[in-house]
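So the chains spell out like this:
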Amino acid sequence: MLDLSMGEIGVIAAIALVVLGPDKLPQVAKTAGSLMGKAQRFVSQVKNDIDKEVELSELKKIQEDAKKMASDLQSSLKNTTDSIEKQVSDVRDSVTSAGQEVKSTMDNASKELKDQWMESTAPKAELSMENIVDGTAKTETASTSVAAGQGKNAAWENLDKSVDTSMLDTI
């Protein structure tokens, strides 16, 4: 702290001995020593506090850097997750639309096959409907059923449940 040489300290001690006298000199020296000790402890405590503050500021900076890196990583993961979810959604939508197209195509093909089968196996207008249902004799023809307003399917309702399906096997 103070840059005093031994000669300077000796001169100060001699002056203090003359000024204070031999009675009070030991008490003043003791008080001066205790004040010097307190000053040294205070200075070392301030040094320690400053060192702790420096360490704390470094730790805070490291903590802030870690938080920033974690935030960047979280943002990157969220962007990646959003991108993957969008791709999955696009694939799901394309698969759904492809499935709907296939279903529509299958429904149309099924309807066409059913219509072709119905046309090829439908009872002819000139055929008689005798002995078709439960062995009872009916003289009504398909043309009269249609003319009576029962529609195209009226003749089908009167047919026996066993229908020749040999043409379906060839399709």
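Cut-offs and rules
- Residues numbered from 1 in each chain as written.
- Predicted model: local features only at pLDDT ≥ 70, side-chain atom pairs only at ≥ 80, totals over all residues.
- Heavy atoms only, no water.
- Helix = DSSP H or I, 4+ residues; strand = E, 2+ residues; numbered from the N terminus.
- Buried < 20%, exposed > 50% of the residue type's maximum accessible area, 1.4 Å probe, protein only.
- Contact = heavy atoms within 4.5 Å.
- Areas by Shrake-Rupley, 256 points an atom, 1.4 Å probe, with all protein chains shown as cover.
- 1 Å grid on protein atoms, 1.4 Å probe; cavity = no way out; pocket = protein on both sides within 12 Å on 5 of 7 lines; lining within 4 Å.
- Points joined across faces, edges and corners; volume = space filled by probe spheres on them.
- Nonpolar A, V, L, I, M, F, W, Y, C, P; charged D, E, K, R; others polar.
- Patch = residues over 30% accessible without salt bridge, like charges linked within 9 Å, V, L, I, M, F, W, Y side chains within 5 Å.
- Salt bridge = Lys/Arg side-chain N within 4 Å of Asp/Glu carboxyl O.
- Expected span 1.5 Å × (residues − 1).
- Bend = angle between axes of the 7 residues up to and from the residue.
- pLDDT = per-residue confidence, 0-100.

Draft legend 1. Examining the overall build of the chain more closely. Along the backbone of the chain there are four helices and zero strands. Of the regular secondary structure in the chain, the N- to C-terminal order runs α-α-α-α. Going through the 171 residues of the chain one by one, you find that 6% of them count as buried. Considering only contacts within the chain whose residues lie at least 6 apart along the sequence, 49% involve residues at least 24 apart. For the chain, the exposed surface amounts to about 14,500 Å²; the carbon and sulfur share of it is 59%.

Draft legend 2. Spotlight on the layout of surface pockets. Put simply, the largest pocket is a space of about 290 Å³. Looking at the largest pocket, the residues that line it are Leu4, Ile9, Ile12, Ala13, Ala16, Leu20, Leu25, Val28, Ala29 and Ala32. Residue composition of the lining of the largest pocket, grouped by class: ten nonpolar, no polar and no charged.

Draft legend 3. Highlighting a nonpolar patch on the surface. Judged by side-chain polarity, Val11, Ile15, Val18, Val19, Leu20 and Val28 come together as a nonpolar surface patch covering roughly 540 Å² of accessible area. Counting through the fold element by element, Leu20 comes out in helix α1 (residues 6-121). For Leu20, a relative accessible area of 32% puts it in the partly exposed group.

Draft legend 4. View of α1. In a regular helix each residue adds 1.5 Å, so 116 residues correspond to 172 Å; α1 covers only 134 Å between its end C-alpha atoms and thus falls short of that length. Its maximal kink placed at Gly21, α1 deviates by approximately 115 degrees, while the proline Pro22 follows within four residues. Along α1, the residues classified as buried are Gly21, Gly37, Trp117 and Met118.

Draft legend 5. The pattern of salt bridges, seen in detail. Evaluation of the coordinates by the stated rule reveals three salt bridges. Between Asp90 and Lys86 there is a salt bridge, with its nearest N and O atoms 3.3 Å apart. Here Lys86 and Asp90 lie together in helix α1, a separation of four residues that amounts to about one turn. Given a relative accessible area of 52%, Lys86 falls into the exposed group. A salt bridge links Lys103 to Asp107, with the nearest nitrogen and oxygen atoms 3.2 Å apart. Highlighted residues: Lys103 and Asp107, both in helix α1, separated by four residues, approximately one helical turn. Overall, Lys103 belongs to the exposed group, its relative accessible area being 52%.

Draft legend 6. Region of the structure containing the confidence of the model for the chain. Confidence along the chain averages 79 in pLDDT terms, with 70% of residues attaining 70 or more. Looking over the chain, one finds the lowest element-wise mean pLDDT in helix α2 (residues 142-147), namely 44, and the highest in α1, namely 92. In this model residues 125-152 is a low-confidence stretch, pLDDT under 50, and it forms 31 contacts with partners more than four residues away in sequence or in other chains.

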